[in-house]
Amino acid sequence: MGLLNLLSNKKDTTPEVVEEFYTLFTDYPEAIFITDFEGKVISLNHEITSLLGYRKREAELLANDLFQSKKSEKVRHHFRKATQGYKTTFDTAMRHKKSGKEIPLQITFIPSETSIFVICKDMTTVKTFENKITHISNQLENSQRVTNIGNWEYDIKTNRTYWNKQVYEIVGIEKDVFELNWENILEYVYPQDKRTYRKNFQKILDEKTELDFEHRIVRGDGKVRFVFVRTNVILDEEGEVDRIFGTIQDITEQRELESKLEQSEERFQSVSDRLAAGIWSYDIHANEITFCSKGVREIYGVSIESFKENPLVWKEFILEDDREQVEKKQLQLATGEEINHQYRIIDGKGQLKWLDDQTIPHLDQDGNLVQLDGIVRDITERMDYTESLAYIADHDYLTNLPNRRFCERKLSELIQNAADRNMKFAVFYLNLDRFKYINDTLGQEIGDKFLVSFSKRLRKYLSSDTFLARIGGDEFTIIMNNISSLENAIKLANEIIREIEKPFYIEDYELFVTTSIGISTYPKDGKDPHTLIRNADAALYKAKEGGRNDWRIFSPSMNVESFKQYHLERDLRKSIINEELYVHYQPKVNPKTSKIVGAEALVRWNHPEWGIVSPGEFIPLAEENGFIFKIGDWVLKDVCETLAQWQKQGIPVVPVSVNVSPKRLLKTDFVKTVQQTIHEAGIEPMLIELELTEQTIIKNTEATKNIITELKALGVKIALDDFGTGYSSLSYLKDLDIDTLKIDKSFIDGITLESTNDAIVKSLIFLSKEIDINIVAEGVETKEQLTFLLQQECQQIQGYIYSRPVSETRLESLLKKEVIQPLQTNALNEAIENRRKYFRAKLDYPLTADMTIIKFMNKDVKLGSSKAIIEDMSIGGLKYVTSINLPIRNDMMIQFSTMIMGKEVKFVGRNAWKFEIDGLYEYGFEYTFNEAERDRFAPIFNKVILQLKEGAMLPDSSILLESKYDYLKSMN
């Protein structure tokens, strides 16, 4: 009030006086304005503008809205009192001039000699607080009614009591009829509990502390109920009890339930103790065995007290070899999954036992494990008998090796595990060369002893995790787990051949034998045991055909994908040495200015036989065989050197993002390699942005966080790629120092098509602005998508709408121009239309077809078939779609086979053009018909045309019955 005192002490309160104290007036923390005695506003400070929206030039409007509105009678009344020399304060409300929002105010009129100072205090927070208090009070009252809890208070000095409505309902009396007080409440206490009641209250007074207790009451209707009383005390200045307050709750139903439960538990204990099994229950939070039958003691050979003292003591009895299996099973309980498994123990008396353990987990509403119930049975006798039979059924009687039955079951298990973990393994089919000669010349007894010796040598040589089985006669199977490439299998095959070449000594004979080996791999050569063994056997035949004592990789019935994959895997390691890798760049554009603000480096492989190979094909191979480390380092080095070269030439450079493999990121030398590469190139670290995927962070959050911190210290930028495609958490954006967030193409594709997609993209863009992270939309292809992202003020766009990935030379040219305009036409459709020489019949219901390569590099090849979809056809060619990236080359001939109107039709020809569309490849295919073949096909094509005019679907044809994506992804 310092300003007001100064003003009120002035004799003259003209505007000149206000101007003299202008600084104090404008900086006053409350909204304030000055009027004369007629209500005309002389001046107002900035806070009035902030609070109510009126500017200085709107002073007359402020006075009118305050004094002349329909609700201004109260204001005028207090203003009149102020003109009479009285300071007055009152509550009212005014609407904000711009927003129209009603603002609760406390207005104070302070009169001076010729002016009245009006202070407006915003009461929004006070009103909100009052509303919250009222809401909480109502909630408390409702909660007490629902839970049947009453509250009360007793003032000892005044002997006054307060009992809320719920107390009267619990006691069963009407408040209007009978008023409770501290004396007559005792009338409703159960006669046998009155002494306890008085004793407890006396204890509260004597010990001056809170006390909880239970007792019974006799309601007004004569019913006996159990109540729980909770008390607390307030002491006066002398430390004596001034007031007692607390709650009372009707717990009758709870007590009756507990009584029934006790009876049930007694009956359950009696029954469970008579069962030939151990039954138990374990409270996780309390770490306490809450129930344990006598059967547990009989099975483990120790007292029940031992389990209650240490609930996890049962684990100490588990046989060492079975502990890992049991621990893995136990992990399933945390997800609420019931487990039933068998394992062995050494009981307290030293006896080996087989147990059947069934454990049932219980989760709370938040999904946390809170209790375990279990039944354990001794199944030793049953297991001994079963194991004996199983061993006989699963093992070869001569060598004691697993037999074919066991081998096929093992393969089934491996296939399931490998499919879940995306792993590969190899199947070897071995055959002893000329073993029949040993049997025929030396007799079957020597032959059998040789087979035993051979099995022992092979078993001893192979690692413990390599499976060996005798399939029959002189044929054996080896399963090599978790191979990263064919090179692993080939290395082992060569080692086995050398090992078997060493002499065998059987009785007085020194025997020399050799072995031939056929190899198939999962999943390339088969996805079931029979196919894998059959294909390995086929490869064995080729090895024997080639001269024996050798190995062969299965290939005669390779399909197109496997054929290509084999070449790529074989040649990938030579790609850098042969200078077949190169980098393309896709610009990132500011959509408001069309200026290029960045680029992403994308590695490509120009294979000498298969042409341009997409990263989607060779990067997974590189990840598997470890070559990804060299590829990643090479790309980073190439990008840094290119940026340095551009800078020397005076070309305006932009930051370039480089994708980082999760495996490379976690290598200990990664940060050092990045630092050294940037330093050697002589560029600023801020020109390099490293793109990490969600999966990298999810799987290795803490390690990734530490590495990001080190990289940021170098000055390198970090981008989070493909955001939203994994199980990502927004906490990553908070915890990790991310510079850029890239919205995945899958969300961009749905823009303007799905409201959910629109909402997600909007939210991500808004979030990035709020936490000051750069945002990039990936895969933008249409004008509609671009318009939407412009409206949302997305900072950067990356996609075909501006540019496909381009060469280093092309990007250099674009950087010189600095800007790039969005495309206005669909060049893809135009290019396809311009290629068409013949009338084409568009198939609204496309045909499925088997596709194979019959000639590659002008050499005949025999491959299995892969799946394709024919979308249109003509007398000269067709258009098809597949998931395989094939080269456009004249020395590769392709054959299609499909059913058209009841006839199997085959097309032979070569690819003329291709486009990649949404992860699939679309090809134009030219037939290599001669005139006679074209004449034979013409009647079929004419029938197709006529049928399509009558109806869209061709009868008795290989019609596609699902989406092309599902069909191609599942079948290839």
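Residues numbered from 1 in each chain as written. Predicted model: local features only at pLDDT ≥ 70, side-chain atom pairs only at ≥ 80, totals over all residues. Heavy atoms only, no water.

The chain carries the name EAL domain-containing protein in an unreviewed UniProt entry, which gives Robertmurraya kyonggiensis as its organism.

**Student:** Can you help me understand the sheet that holds strand S21 (residues 514-522) in this one?
**Tutor:** Backbone hydrogen bonds hold the strands of a sheet together, and the pairing may be parallel or antiparallel. Read across the open sheet, the five strands follow the order S17-S18-S16-S21-S22; overall the sheet is mixed. Looking along the sheet, the strands with just one partner apiece sit at the ends: strand S17 (467-472) and strand S22 (551-553). Direction aside, the axes of adjacent strands within the sheet are offset by 20° on average. Taken together, the nine bridges between strand S16 (residues 425-433) and S21 define a ladder with antiparallel strand orientation. If you follow Tyr 429 over to S21, its bridge partner there is Gly 518. Against the sheet, helix H15 (residues 404-421) engages S16, S17, strand S18 (475-480) and S21, with an angle of about 140° to S17. (Pairing = 2+ DSSP bridges. Helix = DSSP H or I, 4+ residues; strand = E, 2+ residues; numbered from the N terminus. Axes fitted to C-alpha atoms, helices over the stretch in contact; angles between N-to-C directions. Contact = heavy atoms within 4.5 Å.)

**Student:** Would you mind showing me how to read the nonpolar core here?
**Tutor:** A general tendency of soluble globular proteins is for nonpolar side chains to be buried together. One finds Leu 789, Met 873, Leu 886 and Phe 907 to be the most contacted residues of the largest nonpolar core, which totals 112 residues. Two domains each provide a minimum of three residues to this core, namely domain 5 (565-816) and domain 6 (841-970). Counting 33 residues, the second-largest nonpolar core is a separate cluster that includes Phe 450, Ile 478, Ile 500 and Val 513. (Core = buried A, V, L, I, M, F, W, Y, C linked by side-chain atoms within 4.5 Å. Buried < 20%, exposed > 50% of the residue type's maximum accessible area, 1.4 Å probe, protein only. Domains from an automatic or database assignment.)

**Student:** What am I meant to see in the side chain of Glu 689 here?
**Tutor:** Locating Glu 689 in the fold gives a position in strand S27 (residues 688-693). Among the polar contacts made by the side chain of Glu 689, one reaches the side chain of Lys 588 at a distance of 3.3 Å. If sequence neighbours within four positions are ignored, Glu 689 has contacts with Lys 588, Val 656, Ser 657, Val 658, Lys 717, Ile 718, Ala 719 and Thr 740. (Polar contact = N/O pair within 3.5 Å; in protein donor to acceptor, adjacent residues only side chain to side chain.)

**Student:** Help me out: how do you make sense of the pairing of strand S13 (residues 339-346) in this one?
**Tutor:** In regular strands, side chains alternate between the two faces of the sheet. Only one face of S13 is buried: it carries Ile 339, His 341, Tyr 343 and Ile 345, and the other face, with Asn 340, Gln 342, Arg 344 and Ile 346, is open. The pairing of S13 with strand S14 (residues 352-363) spans eight bridges and is antiparallel. Looking at S14, one finds that Ile 345 is bridged to Lys 353. What sits between S13 and S14 in their antiparallel hairpin is a turn of five residues, with Gly 350 showing a positive phi close to 85°.

**Student:** I tried to follow a negative patch on the surface on my own but got confused; where do I start?
**Tutor:** A surface patch of negative charge is lined by Asp 378, Glu 381, Asp 384 and Glu 387. The leading source of residues in the negative patch is helix H14 (residues 380-394), at three residues. On the secondary structure map, Glu 381 appears in helix H14. Judged by relative accessible area, Glu 381 falls into the exposed class, the value being 73%. (Patch = residues over 30% accessible without salt bridge, like charges linked within 9 Å, V, L, I, M, F, W, Y side chains within 5 Å. Areas by Shrake-Rupley, 256 points an atom, 1.4 Å probe, with all protein chains shown as cover. Salt bridge = Lys/Arg side-chain N within 4 Å of Asp/Glu carboxyl O. Lys, Arg positive; Asp, Glu negative; His and termini not counted. Charge placed at Lys NZ, Arg CZ, Asp CG, Glu CD.)

**Student:** What should I look at first to understand the packing of aromatic side chains in this one?
**Tutor:** Both the distance between ring centres and the angle between the ring planes are used here to describe each pair of aromatic rings. Counted by the stated rule, this structure contains 33 aromatic pairs. Judged by centre distance (5.8 Å) and plane angle (55°), the rings of Phe 929 and Phe 937 are tilted. Put simply, the rings of Tyr 880, Phe 896, Phe 907, Tyr 923, Phe 925, Tyr 927, Phe 929, Phe 937 and Phe 941 touch in pairs and so form one group of aromatic residues. Between Arg 457 and the ring centre of Phe 504, over which it is positioned, the NZ or CZ distance is 3.6 Å. Cation over ring: Arg 889 sits above Phe 856, and NZ or CZ is 5.5 Å from the ring centre. (Phe/Tyr/Trp six-rings, centres within 6.5 Å; stacked < 30°, edge-to-face > 60°. Lys NZ or Arg CZ within 6 Å of the ring centre and 35° of its normal.)

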